[in-house]
Amino acid sequence: MTENAQHPQPASTPELPTQYAPAEVEGKLYERWVDRGYFEADAKSDKPPYTIVIPPPNVTGSLHLGHAFEHTIIDALTRRKRMQGYETLWQPGMDHAGIATQNVVERELAKEGKSRQDLGREAFVERVWQWKEESGGQISGQMRRLGDGVAWSRERFTMDEGLSEAVQTIFKRLFDDGLIYRAERIINWCPRCLTAISDIEVEYQDDDGELVSITYGEGEETLVVATTRAETMLGDTAVAVHPDDERYAHLVGERIRLPLTDRTIPVVADTHVDPEFGTGAVKVTPAHDPNDFEIGRRHDLPNITVMDERAVITVPGPFQGLDRFEARSAIVAALRADGRIVAEKRPYVHSVGHCSRCKTTVEPRLSLQWWVKVATLAKAAGDAVRDGRVTIHPKEMESRYFAWVDDLRDWNISRQLWWGHRIPVWHGPDGETVCVGPDEEPPTGEGWSQDTDVLDTWFSSALWPFSTLGWPEQTPSLEKFYPNSVLVTGYDILFFWVARMMLFGLYAMDGTPPFHTIALHGMVRDQFGKKMSKSFGNAVNPLDWMDKYGSDAVRFTLARGANPGVDVPIGEDWVQGSRNFANKIWNATRFAMMNGATVDGPLPAPEQMSATDRWILSRLGETVAQVDAYYDDYQFAKLSDTLFHFAWDEVFDWYVELSKTTFFDGGEQAKVSGRVLGEVLDVTLRLLHPVVPFVTETLWTTLTSKESVVIADWPADSGFRDQDAEREIEHLQQVITEVRRFRADQGLQPGQKVPARLDLSGTSLAAHEAAIRQVLRLQPEGDGFHATATLPVAGTTVALDLSGTIDVEAEHKRLTKDLGAAEKEKAQATAKLGNEAFLAKAPDNVVDKIRTRLAKAETDIERITAQIAGLPQG
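Because the structure is predicted, anything quoted here is derived from the model rather than measured.

Caption draft 1: Spotlight on the overall build of the protein. Broken down by element type, the protein carries 27 helices and 29 strands. Dimensions of the protein, computed from the C-alpha atoms along their principal axes, are close to 115 × 70 × 55 Å. The 874 residues of the protein split such that 55% are buried. Taking as baseline every contact in the protein between residues at least 6 positions apart, the subset at least 24 positions apart corresponds to 77%. For the protein, the exposed area adds up to about 38200 Å²; of that, 48% sits on carbon and sulfur atoms. Positive and negative charge centroids in the protein, built from 93 and 131 side chains respectively, lie 3 Å apart.

Encoded structure:
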């Protein structure tokens with residue numbers, strides 16, 4: 001309950017409109033925040049730093065629900081830290097998205113009847129830059145719609161001048177340290193995009209194929225192998241069996257004939273083979289399968305490439321020039337004609353990788369590529385988590401991280417594209433290789449040329465936590481804001497992005513990891529838990545929901561589903577419910593201000609307050625403490641739910657309702673409660689602001705006449721607790737709830753007034769009689785009062801005159817049914833607790849639940865019996 005230090009409001013604040021219209025305020029508020037520089041970060045500030053980098057969206061992308069979810073979490077964290085007095089930097093920027101962007105521009109060229117080859121490399125790259133300036137980056141405007149509090153003046157692009165220098169610098173250092181090399185390895189190859197692609201760019205789906213079993217060899221020296229890719233047999237250079245498989249022991253070391261060719265291939269023994277799977281013999285095609293490539297290395301087998309970059313067969317013979325799928329059918333037909341087919345299973349459903357950009361089936365292919373040697377880098381990345389320098393949240397995700405970094409293979413960093421960071425290596429006429437740093441001149445002369453490949457997009461984004469701060473220069477921003485405080489990202493890119501940032505951050509920054517905490521979240525799914533996809537027909541454009549319900553409603557819905565590391569279901573009904581919550585906040589605050597809620601002056605002393613006042617301030621202090629604890633543990637669902645129930649249930653439904661008689665009566669107590677209500681609204685709006693910034697900004701500035709809640713102080717736990725007041729109001733709530741239920745059961749309208757006699761003697765509720773009557777619409781008993789129903793509730797008695805409004809017979813029947821159910825529940829619980837065998841085996845928590853059920857049943861029986869006795873006699 002501290003005062004906020006704020007700048008004076010520059011102009012008088014208008015009264016609140018009767019209805020909240022998000023579309024009329026959100027855009028104006030956001031531009032005001034940006035214009036006033038609230039989201040900018042000062043590297044020279046003496047405040048403690050708090051830094052988060054945005055996971056850079058693709059320059060081709062638009063805001064989807066996954067972005068909205070992640071940005072809501074980050075924005076809530078940074079808004080709270082800003083209010084807590086930190087120099088807060090949320091670093092924005094975009095990724096150049098090599099394949100995705102090149103594909104977009106190539107499709108535009110195709111509409112003009114051209115290809116990138118028609119333009120040439122330099123002109124094509126210029127065309128991509130032109131597209132980027134004219135059409136790229138639409139997500140930036142959509143981020144503003146959501147309310148992202150990023151430092152726009154610091155926005156970066158992974159191919160801007162500074163970041164390009166950072167990329168060239170670290171490449172040169174890695175190369176000089178022997179950590180970058182060039183070699184032939186198996187990679188994921190897209191025959192349409194004509195480039196290697198990363199594992200994350202491969203989407204697996206179940207395809208209908210065929211499983212063909214083929215006899216290799218002649219006479220008694222034969223084996224049967226099975227394959228779904230018969231066309232690759234043209235590149236087989238061995239058959240492998242397990243060394244302990246006695247069925248084939250006589251063949252190990254022998255050579256057998258490869259069908260449809262004039263070659264013989266060896267039978268090798270390798271522990272990779274599972275003797276229990278299939279026939280226990282596998283064909284080995286080192287140039288077209290990653291596992292076969294490793295077998296080939298162990299046994300010094302030749303690598304025979306049978307397809308070109310477009311997946312067309314290149315082996316001389318009848319299949320040369322055929323597409324891989326045409327060749328598959330032709331080869332199976334030829335094997336069938338030769339009597340080599342032992343079995344065919346068609347269709348054979350199996351998982352097949354497809355390029356995420358163009359959906360073409362990916363081809364494992366032996367290719368000359370650039371690689372990062374990761375062994376020492378990966379060990380450092382694992383050690384940083386093990387020794388506590390970096391914390392992964394939730395902790396159970398650590399095992400997944402270790403599984404990846406502890407078994408990390410060398411990283412293929414080259415792509416056969418034109419758009420991207422071109423590899424800074426020059427090749428000479430006599431096989432020379434020269435790596436050029438940013439301040440060095442490349443070699444010139446006849447026969448020298450730069451490598452044609454570009455770097456994997458993940459290479460530049462792995463530098464994001466420090467390159468965006470000016471590295472390799474030792475800038476004030478780098479000194480102030482590195483390492484980042486926390487990285488918020490999805491568990492799905494824990495390996496692809498997070499691990500790579502750890503590799504490069506530790507390497508480039510002398511062992512200092514890029515962030516203190518990795519906070520992982522799940523994926524957004526529909527309300528049934530199904531992945532959102534256009535092909536499923538359940539994809540949602542968050543902008544549509546923002547237009548319909550407001551940005552705050554979308555944000556609150558996403559935050560309320562955000563449990564650490566767990567997928568987030570979301571449906572439109574839930575967004576509508578969050579819109580209703582925003583409206584509730586608006587209407588209740590408006591009512592409160594119209595009835596004397598104020599933040600002027602100090603809070604009255606507790607002895608001047610009513611029990612209701614002390615109760616809500618006690619609950620407010622506890623709520624602040626809970627919300628702080630949940631923020632520190634990244635428990636967004638719990639903190640959102642806590643705020644929802646405190647604001648809606650305790651403040652608006654209970655405190656405001658219970659205080660209406662005080663406000664209506666006026667006088668000194670009304671002033672006291674008005675100041676208490678003003679305090680509660682002030683703190684509650686500040687607590688809500690990081691998640692629902694727009695509605696809280698409008699309400700808080702109106703309530704306080706201060707400049708902005710964005711720069712207000714974050715509420716501190718006042719330490720005020722009043723257990724007596726909490727017990728008293730809980731007792732009052734029991735009475736009101738029970739009478740409300742009885743009224744509803746009788747079909748009485750909420751506003752329908754009923755004569756009543758209240759016996760509150762012997763309880764602390766006598767002072768609340770006016771509030772009870774106000775909330776429950778109970779009139780004084782008056783002349784002719786006839787109690788037709790008597791409700792004993794929590795030590796009090798409420799007698800109601802329902803003459804002409806209650807169906808006594810129906811009420812007796814309902815209560816008798818309820819009594820029977822309660823007695824049955826008691827009997828079942830009593831029987832279980834009396835069963836020694838059950839008690840000996842049942843877990844303690846199960847037994848505790850049954851005891852709780854028994855106690856509740858006994859309470860219900862007592863209550864219902866009294867209600868039946870209180871019914872008027874016919």
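Additional details are given in the paragraphs that follow.
Caption draft 2: Seen up close, the state of the cysteines. What the rule picks out here adds up to 0 disulfides. Here C355 is not disulfide-linked; the sulfur of C358 is the nearest cysteine sulfur, at 3.8 Å. Residue classification places C355 among the buried positions, given a relative accessible area of 0%.

Caption draft 3: The arrangement of the sheet that holds strand β15 (residues 391–393) in detail. Spatially, 3 strands are ordered β15-β23-β22 in an open sheet, and the strand pairing comes out parallel. Bordering the open sheet on either side are β15 and β22 (484–490), each of which pairs with just one other strand. Adjacent strand axes in the sheet meet at a mean angle of 20°, parallel and antiparallel pairs treated alike.

Caption draft 4: Fine view of the nonpolar core. Of all hydrophobic cores here, the largest spans 194 residues; its most connected members are L77, F459 and F504. Residue contacts for L77: discarding those within four places in its chain leaves Y50, I52, V486, V488, Y631, Y634 and F636. Formed by 27 residues, the second largest nonpolar core is a distinct cluster that contains V239, I265, I313 and I331.

Caption draft 5: Geometry of the pairing of strand β7 (residues 202–218). As judged from the 12 bridges shared by β7 and strand β13 (residues 341–355), these two strands associate in the antiparallel manner. What sits directly across from G209, in β13, is Y348. Both β7 and strand β8 (residues 221–227) contribute to a ladder of 7 bridges, which runs antiparallel. Paired with V212 across the strands is T227, a residue of β8. The hairpin turn running from β7 into β8, its antiparallel successor, is 2 residues long, and G219 in that turn takes a positive phi close to 60°.

Caption draft 6: Here's a closer look at the side chain of T661. Mapped onto the fold, T661 is located in helix α20 (residues 636–665). With a relative accessible area of 14%, T661 lands in the buried category. Residue contacts for T661: discarding those within four places in its chain leaves A770, A771 and Q774.

Caption draft 7: Expanded view of the sheet that holds strand β16 (residues 411–412). Here 4 strands make up an open sheet; going across it, the order is β6-β5-β14-β16 and the pairing antiparallel. Each of the sheet's edge strands pairs with one partner strand only, and the pair in question is β6 (195–197) and β16. One ladder, built from 10 bridges, connects strand β5 (residues 180–190) with strand β14 (residues 363–372); its direction is antiparallel. Following the sheet pairing, I180 is matched in β14 by V372.

Caption draft 8: Spatial organisation of the confidence of the model for the protein. Summarising the model, the protein shows a mean pLDDT of 92, and 97% of its residues fall at 70 or more. Below a pLDDT of 50 lies the segment residues 1–5, which in the model reaches 18 contacts outside its immediate sequence neighbourhood of four places, other chains included. Segment residues 7–14 is flagged for pLDDT under 50; beyond a separation of four residues in sequence, or across chains, it makes 12 contacts in the model.

Caption draft 9: Structural view of the pattern of salt bridges. Throughout the structure, instances matching the rule amount to 54 salt bridges. Note that R247 and D245 form a salt bridge whose closest N and O atoms lie 2.7 Å from each other. The closest approach of N and O atoms between R741 and E738, which form a salt bridge, is 3.2 Å. With R741 and E738 both in helix α23 (residues 723–745) and 3 residues apart, this pair spans about one turn of that helix. For R741, a relative accessible area of 39% gives the class partly exposed. Members of the salt-bridge network, linked through shared partners, are E738, R741, K856, D860 and R863.

Caption draft 10: Highlighting the packing of aromatic side chains. Enumeration over the complete set of coordinates arrives at 27 aromatic pairs. Between Y50 and Y86, the aromatic rings sit 6.3 Å apart at their centres with planes inclined by 70°, giving edge-to-face as the arrangement. Residue Y50 is found in strand β1 (residues 49–53), and its partner Y86 is found in the loop between α2 (65–83) and β2 (87–91); the two are separated by 36 residues along the sequence. On the basis of relative accessible area, Y50 is assigned to the buried category, the value being 7%. Here a set of aromatic residues connected by ring pairs shows up, and it is made of F171, F175, W370, W411, F459 and F504. Residue placement shows R365 over the ring face of W189; its charged tip is 4.8 Å from the ring centre.

Caption draft 11: Fine view of empty space enclosed by the protein. One pass over the full model with this rule turns up 5 cavities of 30 Å³ or more. In this structure, the largest cavity is lined by F69, I73, V488, A519, L520, H521, A562, N563, P564, Y634 and F636. Elements with a minimum of two residues in the lining of the largest cavity: α2 and β23 (515–521). If one sorts the elements of the lining of the largest cavity by residue count, β23 sits on top with 3 residues. For the lining of the largest cavity, a count of residues per class yields 9 nonpolar, 2 polar and no charged.

Caption draft 12: Expanded view of the environment of N583. With respect to the helices, strands and loops of the structure, N583 is situated in helix α18 (residues 572–594). The class for N583 is partly exposed, based on a relative accessible area of 25%. The sequence separation of N583 and V695 amounts to 112 residues, and the corresponding C-alpha distance is 8.9 Å.

Caption draft 13: Spotlight on the side chain of T612. Relative to the assigned elements, T612 resides in helix α19 (residues 611–632). For T612, a relative accessible area of 6% corresponds to the buried category. Once residues lying within four places of it in the same chain are set aside, the contact partners of T612 are Y655, L658, S659, I729 and H768.

Caption draft 14: Quick peek at the packing of α2 against helix α17 (residues 551–560). Viewed as axis vectors pointing N to C, α2 and α17 meet at an angle of 85°, and their least axial separation amounts to 9 Å. By the angle between their axes, α2 is roughly perpendicular relative to α17. Residues L65, A68, F69, T72, D75, A76 and R79 of α2 form the contact with α17, whose participating residues are R555, L558 and A559. Across the contact of α2 with α17, the residue classes break down as 6 nonpolar, 1 polar and 3 charged.

Caption draft 15: Focus on α2. Compared with the 27 Å implied by 1.5 Å per residue over 19 residues, the 27 Å span of α2 between its first and last C-alpha is a close match. Of all 19 residues that make up α2, 18 are buried, and the element is covered over most of its length. Directly beyond the C-terminal end of α2, a positive phi value near 100° is found at G85.

Caption draft 16: Here's a closer look at the packing of α17 against α18. The interhelical angle for the contact between α17 and α18, taken along N-to-C directions, is 115°, at an axis separation of 8 Å. Crossing angle aside, the handedness with which α17 passes α18 is right-handed. For the pair α17 and α18, contact is made by A553, V554, F556 and T557 and by W574, V575, S578, R579 and F581, respectively. Broken down by class, the residue content of the contact of α17 with α18 amounts to 6 nonpolar, 2 polar and 1 charged.

Cut-offs and rules
Residues numbered from 1 in each chain as written. Predicted model: local features only at pLDDT ≥ 70, side-chain atom pairs only at ≥ 80, totals over all residues. Heavy atoms only, no water. Helix = DSSP H or I, 4+ residues; strand = E, 2+ residues; numbered from the N terminus. Buried < 20%, exposed > 50% of the residue type's maximum accessible area, 1.4 Å probe, protein only. Contact = heavy atoms within 4.5 Å. Areas by Shrake-Rupley, 256 points an atom, 1.4 Å probe, with all protein chains shown as cover. Lys, Arg positive; Asp, Glu negative; His and termini not counted. Charge placed at Lys NZ, Arg CZ, Asp CG, Glu CD. Disulfide = S-S within 2.5 Å. Pairing = 2+ DSSP bridges. Axes fitted to C-alpha atoms, helices over the stretch in contact; angles between N-to-C directions. Core = buried A, V, L, I, M, F, W, Y, C linked by side-chain atoms within 4.5 Å. pLDDT = per-residue confidence, 0-100. Salt bridge = Lys/Arg side-chain N within 4 Å of Asp/Glu carboxyl O. Phe/Tyr/Trp six-rings, centres within 6.5 Å; stacked < 30°, edge-to-face > 60°. Lys NZ or Arg CZ within 6 Å of the ring centre and 35° of its normal. 1 Å grid on protein atoms, 1.4 Å probe; cavity = no way out; pocket = protein on both sides within 12 Å on 5 of 7 lines; lining within 4 Å. Points joined across faces, edges and corners; volume = space filled by probe spheres on them. Nonpolar A, V, L, I, M, F, W, Y, C, P; charged D, E, K, R; others polar. Parallel < 35°, antiparallel > 145°, perpendicular 65-115°, else oblique. Expected span 1.5 Å × (residues − 1). Left-handed = near helix turned anticlockwise from the far one by under 90°.

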